[in-house]
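One-letter residues, chain by chain:
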Protein chains: 2
Amino acid sequence: MDDIITLSYGSGGKKTSHLIEDIILPSLSCDELNKLSDGAVLDVFSNKIAFSTDSFVVSPYFFPGGDIGKLAVCGTVNDLSVCGAKPEYLSLSLIIEEGFKIEELKKIIKSIEETSKICNVKIVTGDTKVVEKGKGDGIYINTSGIGRLIYEDLGKDKISEGDAVIVTGCIGDHGAAIMASRNNLVDEFNVKSDCAPVYELAQCILQYGDKVKIMRDPTRGGVATTLNEFVENSEFTIEISEEKIPINVETNNLCEILGIDPLYSANEGKILAIVDSSVAENVVNDLRKIELGKDAAIIGYVTKNFPSKVVLHTNLGGKRVLSKLTGAQLPRIC
Amino acid sequence: MDDIITLSYGSGGKKTSHLIEDIILPSLSCDELNKLSDGAVLDVFSNKIAFSTDSFVVSPYFFPGGDIGKLAVCGTVNDLSVCGAKPEYLSLSLIIEEGFKIEELKKIIKSIEETSKICNVKIVTGDTKVVEKGKGDGIYINTSGIGRLIYEDLGKDKISEGDAVIVTGCIGDHGAAIMASRNNLVDEFNVKSDCAPVYELAQCILQYGDKVKIMRDPTRGGVATTLNEFVENSEFTIEISEEKIPINVETNNLCEILGIDPLYSANEGKILAIVDSSVAENVVNDLRKIELGKDAAIIGYVTKNFPSKVVLHTNLGGKRVLSKLTGAQLPRIC
């Protein structure tokens, strides 16, 4: 076996077979994938499914709290989870830059194996491409996923005045971990990506049936951008209170030093949910019983005071409109 | 609107919304995609589905007979088709290099629109990432697809001695078109990619029910590599006759000048099928009634003469073992 990936590994010929048989299958083996067919034939046990895709280009591809492999599994599993589905099957497509170390590829595949076991999903089909040196950046990974739909009545149209806004834990940690890595601040700041599957949190919230209006995982663009997506082009306002927003001290400190607002910093293991206010406290209490949800909090409410806007009530008693992220606060965060 | 893609377009914020709303949705609008949710909720009308993924990194991304957009739709639709499924839904994930011309992106999206209409598939979910200049090469596209399984009894294990090998048309055209482009030979050689959906051809073959053993579309690595996949680790041999293999004169000439064997040159609109010999001539006659199948031919048979090997009977009366492609004949062909 070579030490690095060469262009031959993307030829579709012998080297591609080696890569699949020696590196990928030993970790990700399952009946469907082992067939190495052009596609996988799957049982879905349901007429309604959720389908999601994400390409991951995060830089660096190893970061505090995770790596691009863990992220690629969690990212798609989380998208399916917040749609109200149980994630079942993933595809895995790699775009590898010539010269990439096979040792690093093995680590990433191992991480994909471990994370997909935790998430109880199977990698059932895949693809590998290799691009010339200087036409990529180590490795890019696409995962697409299929989930069995369990709860289908989520949507922006369900939001109404008085609903509560819940976040399932401390905000901004993934973005902070990436920034710390890039700025060589990992030793000074104890920040770690929150990269984790949110399926259990989503199911916990969905126990409340039609009292749950919509859920999203606030990744790129952070909490502020996702909240904007909830109310844009609507008659509603989301008003949140700075003092209610859970945030790790170290993440907050790092954001302050780098001049970045944690409300725009990415999360990879959190849910933002809008629920009927009558159940909001119960939802939060239930979430707090789960390790990943121990810092869950009601951070605000839906009003009609400033249509289509997200408004932050600051610790100093002021109000600030939080628009969607403008510009590129942090490229290649996920 | 800007002229080029900047990093902000991948931020998940305002520019990403513009890109989706102004460039992608006008072409690819459908109920599922328009929701811009984290995933799409889909009816599948069946408990069995086929699921496939492919990342496309073809260079150049515009080539004679197609472009990366057309290829990205056909590629995944074809994988589903040869699995015995009716392609229904696609995901679309773009990795765009900073500086990419928005005019070119629009052309590619237009091409995706047209091709998905021809294939009768809907783009239901998507993702867009932007990487820094020098960390990509224009645009890379992943499509993943879901098809309703119509016929599920295909597989290598169905192959038996005496079966016929059918190809649905002239071989090697996609590889030839890419090579002509890269070598500035487009004016001298009238070669065009065969990039096209093969669903109709697949359905035509599948009329013959359990007489059909396996189908694949011979993309990267060409006909020779796919035939090897059929018999590797088996007791069977595939013996094909050079004189029976349909090939366009211009493709043949170009391959000769570049010293490339057309049996290893990629196809993007062909099927290789193994069928019971009792129906082989009828299958070919039916295929020939379809424009895309007009050059269909029986090119060989399954024997047990040289276990696990593919053997070519040459025009000169010799025999040659065709192994899987070794090395990278042509990187980034798809």
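Residues numbered from 1 in each chain as written. Chains lettered and ligands numbered in written order. Predicted model: local features only at pLDDT ≥ 70, side-chain atom pairs only at ≥ 80, totals over all residues. Heavy atoms only, no water.

## A few points about the UniProt feature "domain: PurM-like N-terminal" (unreviewed entry) in chain A
The condition is simple: UniProt positions are given in the numbering used here, feature names are shortened, and annotations may be inferred rather than shown by experiment. Helix and strand labels come from DSSP, where a helix needs a run of H or I of at least four residues and a strand needs a run of E of at least two; each type is numbered from the N terminus.
The sites that carry the UniProt feature "domain: PurM-like N-terminal" (unreviewed entry) are, in the present numbering, residues 38-148 of chain A. Annotation note: span residues 38-148 of chain A, helix share 30%, strand share 45%, distance between end C-alpha atoms 23 Å.

## A short note on the packing of aromatic side chains
The criterion, for reference: Pairing of aromatic rings covers Phe, Tyr and the six-membered ring of Trp, with a centre-to-centre limit of 6.5 Å; geometry is then stacked below 30 degrees between planes, edge-to-face above 60, and tilted otherwise. Think of it in three bands: residues with accessible area under 20% of the maximum for their type are buried, residues over 50% are exposed, and the middle band is partly exposed, with areas taken using a 1.4 Å probe on protein chains only. Here, a charge over a ring is recorded when the distance from Lys NZ or Arg CZ to the ring centre is within 6 Å and its angle to the ring normal is within 35 degrees.
Tallied over the entire structure, the rule returns 5 aromatic pairs over all chains. Judged by centre distance (6.3 Å) and plane angle (80°), the rings of Phe51(A) and Phe51(B) are edge-to-face. Residue Phe51(A) is located in strand β2 (residues 48-56), and its partner Phe51(B) is located in strand β2 (residues 48-56); the two belong to separate chains. A relative accessible area of 0% places Phe51(A) in the buried class. Aromatic rings pair up to connect Tyr61(A), Phe62(A) and Phe100(A) into one cluster. Residue placement shows Lys107(A) over the ring face of Phe62(A); its charged tip is 5.3 Å from the ring centre. One residue, Lys129(A), lies across the ring of Phe56(B), its end atom 5.2 Å from the ring centre.

## Topic: the interface of chain A and chain B
Many descriptions give the size of an interface as the accessible area lost when the pieces come together. Selection rule: The criterion used for residue contact is that any of the two residues' heavy atoms lie within 4.5 Å. Summed over both partners, the accessible area (1.4 Å probe) lost when two parts come together is defined as the buried area. We count a salt bridge whenever a side-chain nitrogen from Lys or Arg sits within 4 Å of a carboxyl oxygen from Asp or Glu. Whenever a nitrogen or oxygen atom comes within 3.5 Å of another N or O atom, the pair is scored as a polar contact, on the condition that within protein one atom can donate a hydrogen and the other can accept it, and that pairs from neighbouring residues in sequence are kept only if both atoms are in side chains. Note that Gly is not counted as nonpolar here; it falls among the polar residues with everything else outside the nonpolar set of Ala, Val, Leu, Ile, Met, Phe, Trp, Tyr, Cys and Pro and the charged set of Asp, Glu, Lys and Arg. Paired strands are those between which DSSP finds at least two bridges.
The partner chain B presents 73 residues to the 73 residues of chain A that form the contact. Interface area, chain A with chain B, both sides summed: about 5800 Å², of which 54% is carbon and sulfur. Three residues stand out in chain A for area buried against chain B, namely Asp38(A), Phe51(A) and Arg220(A), and they jointly supply 14% of the buried area on that side. The interface formed by chain A and chain B includes 11 salt bridges. Here Arg220(B) ties to Asp127(A) by a salt bridge, and the two come within 3.1 Å at their closest N and O atoms. Across the chain A-chain B interface, the total number found is 35 residue pairs in polar contact (both at pLDDT 80 or more). For the side of chain A that touches chain B, the secondary-structure elements that each account for two or more residues are α1 (14-28), β1 (40-43), β2, α3 (68-82), β5 (85-97), β6 (122-131), β7 (139-149) and α7 (222-231) of chain A. Of the residues that constitute the side of chain A that touches chain B, the class distribution is 27 nonpolar, 28 polar and 18 charged. Across 4 bridges, the pairing between β1(A) and β2(B) is antiparallel. Bridging from a neighbouring strand, Ala40(A) pairs with Phe51(B) of β2(B).

## Quick notes on the relation of the copies chain A and chain B
Note the cut-off: Copy-to-copy superposition: least squares on the C-alpha atoms, limited to residues that have pLDDT of at least 70 in both copies.
Laying chain A over chain B is done by rotating through 180° and shifting 0.0 Å along the axis; what remains is an RMSD of 0.0 Å. Both copies are brought into coincidence by an operation consistent with a two-fold rotation axis. Considering only C-alpha atoms, the part of chain A nearest the rotation axis is Gly136(A), at 2.3 Å.

## Comments concerning the UniProt feature "domain: PurM-like C-terminal" (unreviewed entry) in chain A
UniProt feature "domain: PurM-like C-terminal" (unreviewed entry): in the numbering of this structure it lies at residues 161-308 of chain A. Within the segment residues 161-308 of chain A, helix and strand shares are 34% and 17% respectively, and the terminal C-alpha atoms sit 12 Å apart.

## With respect to the sheet that holds strand β6 (residues 122-131) of chain B
The following threshold applies: Every axis corresponds to a line fitted to the C-alpha atoms, with the helix fit spanning only the stretch in contact, and the corresponding angles, defined between N-to-C directions, vary from 0 to 180 degrees.
Read from one edge to the other, the open sheet built from 5 strands follows the order β1(A)-β2(B)-β7(B)-β5(B)-β6(B), with strand pairing classed as mixed. Where the open sheet ends on each side, the last strands, each with one partner, are β1 of chain A together with β6 of chain B. Strand-to-strand twist across the sheet, computed as the mean angle between neighbouring axes with direction ignored, equals 20°.

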